[in-house]
Amino acid sequence: MSTSHDTLGCGHTLEELSLYLDTGDFPDPGHLDSCPECRNGLDSLRRLSTAGSELFSSDLADAGSGSDDWMKNILANLKLELRPGRTIPLRSEDPLDRLTETEGSVLALVRSVTDSTPGAVAGKVRLEGDVTVPGEAITVNLDLAVVFGHPLLGSATALRRDLGEALARHTELNIAAIDITITDVIDAPREES
Amino acid sequence: MRDQLDLVPDAILAGRAADGDTAAFEALARRYGPHMRACARRLTGSHADADDVVQEALVQAWKQLDSLREPAAVKGWLLRLTGSRSIDCLRRRRNHATLSADDDGGQAVEPPAGEPGPESSAMATSGTEALKLALARLPEEQRRCWVLKEFNGQTYEQIAQTLNISPASVRGRLARARVALVRDMEGWR
């Protein structure tokens, strides 16, 4: 064993080998094929890396499942505060009333209608336009994940109609357009219906 | 649907969670909670502290989700938050131990990873056991670098940020950690 703990007999350092393992960068790549010291060093580092992966797998198994009680307890303690977003004014018979709904509740409505469409799961939803001004034209932008195998075009058309109806029923927003972007295909055939 | 959300890609969940969907956020927590917990346990060496760390990281994640530029990168981000909160936890513990050496200090001096001392190394049979023992003997700052790299897959730059040191120091510590681990486990050459 060399006395200096990071320089090999060939002049290269263990730090260089360690870096090479992570990045593939080495000052003199050809040297690695011919130098037995460096090769031994790399072999040892690779064995360590394998042992590291095994330790991680073992620790991960010991950590349990995300559906177990420990996670339920943590989730129960989180007390996630709501994200109301912008305040959307509502009409009222009495001018003294000031009725509003939150942007967050409209986003939740869009998600809920979308999720109840077979094969579709809502992602991010954006209301574009000034929702705080009554009658402003608003565009709904919806990211959508579709379960593999579902007819995409048909469900997008039906979904746009359902969303339009729900928004007309539950809000007073002037919806100019509903833009749906399929961002993901879920590759998990699963019973649903 | 709760189980439907468990099938959905990270980016979808992160986008919904940023919009305020607690169910999507909980699905993310269920998905990556075990990884976060494993990382926090290995860094703090305490099961109780690790669960506190996971909880703190999730609270922070919920508050800061809309600052996450790339929703698909939510896993790495959650793990970085876990790493940072674990390091905070270790710092608090050290301050606490310094301020009141004998008060409630039971876990303050517990060796991280909660492993037995070197005398039991003869018992170590598997590579995993040998590595656990070797890790427990590693200087604290080297172990942190190693766990952040090998468990969390953090880049040198990200580790540098978490530990508030330079990327060059990360490179050096990581190399020293690996050399010490290899020497301890099998003898270098």
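Residues numbered from 1 in each chain as written. Chains lettered and ligands numbered in written order. Predicted model: local features only at pLDDT ≥ 70, side-chain atom pairs only at ≥ 80, totals over all residues. Heavy atoms only, no water.

Going by the annotation in an unreviewed UniProt entry, the name recorded for chain A is Asp23/Gls24 family envelope stress response protein, with Pseudarthrobacter enclensis given as the source organism.

Trainee: Explain the interface of chain A and chain B to me, please; I cannot follow it from the model alone.
Mentor: Interface size is commonly expressed as the accessible area that is lost once the parts come together. Each partner contributes residues to the interface: chain A has 56 residues there, and chain B has 56 residues. When chain A packs against chain B, the two sides together hide about 5300 Å² of surface, and 63% of this comes from carbon and sulfur. The salt bridge involving Asp115 of chain A is made with Arg16 of chain B; its shortest N-O contact spans 2.7 Å. Among the elements that make up the side of chain A that touches chain B, the one with the highest residue count is helix α3 (residues 36–62) of chain A (16 residues). Counted by class, the side of chain A that touches chain B contains 26 nonpolar, 16 polar and 14 charged residues. (Contact = heavy atoms within 4.5 Å. Buried area = accessible area lost by both parts, 1.4 Å probe. Salt bridge = Lys/Arg side-chain N within 4 Å of Asp/Glu carboxyl O. Helix = DSSP H or I, 4+ residues; strand = E, 2+ residues; numbered from the N terminus. Nonpolar A, V, L, I, M, F, W, Y, C, P; charged D, E, K, R; others polar.)

Trainee: How should I be thinking about unusual backbone geometry in this particular structure?
Mentor: Apart from glycine, the bulk of residues carry a negative phi angle, and the bulk of peptide bonds sit in the trans form. Positioned with a positive phi, Lys79 of chain A is a non-glycine residue whose angle comes to about 50°. Positive phi is not limited to glycine here, since Asn164 of chain B has a value of about 60°.

Trainee: What's the story with the nonpolar core in this structure? I'm lost.
Mentor: Note that soluble globular proteins tend to have their nonpolar side chains buried in a common cluster. Ranked by size, the top nonpolar core spans 38 residues in total, and within it Leu17 of chain A together with Leu131, Leu135, Trp146 and Leu181 of chain B carry the most contacts. Of all the secondary-structure elements, those providing two or more residues to this core are α1 (14–23) and α3 of chain A together with α3 (22–44), α5 (74–99), α6 (127–137), α7 (140–150), α8 (156–163) and α9 (167–186) of chain B. Top element by residues in this core is α3 of chain A. It accounts for seven residues. Among residues more than four places away in sequence, those in contact with Leu135 of chain B are Leu55 of chain A together with Arg42, Arg143, Trp146 and Leu181 of chain B. Counting 36 residues, the second-largest nonpolar core is a separate cluster that includes Ile74 and Leu75 of chain A together with Leu13 and Ala24 of chain B. (Core = buried A, V, L, I, M, F, W, Y, C linked by side-chain atoms within 4.5 Å. Buried < 20%, exposed > 50% of the residue type's maximum accessible area, 1.4 Å probe, protein only.)

Trainee: What exactly am I supposed to notice about the packing of aromatic side chains here?
Mentor: Centre-to-centre distance and the angle between the planes together describe a pair of aromatic rings. Under the definition given, this model contains four aromatic pairs over all chains. When the ring of Tyr20 of chain A is compared with that of Phe26 of chain A, the centres are 5.9 Å apart and the planes differ by 75°; the resulting orientation is edge-to-face. Its relative accessible area of 9% is what places Phe26 of chain A among the buried residues. Here the aromatic residues Phe56 of chain A together with Trp146 and Phe151 of chain B are joined through ring pairs into a cluster of three or more. Positioned above the aromatic ring of Trp62 of chain B is the side chain of Arg83 of chain A, whose terminal nitrogen or guanidinium carbon lies 4.0 Å from the ring centre. Just above the ring of Trp70 of chain A sits the side chain of Arg37 of chain B; from NZ or CZ to the centre is 3.9 Å. (Phe/Tyr/Trp six-rings, centres within 6.5 Å; stacked < 30°, edge-to-face > 60°. Lys NZ or Arg CZ within 6 Å of the ring centre and 35° of its normal.)

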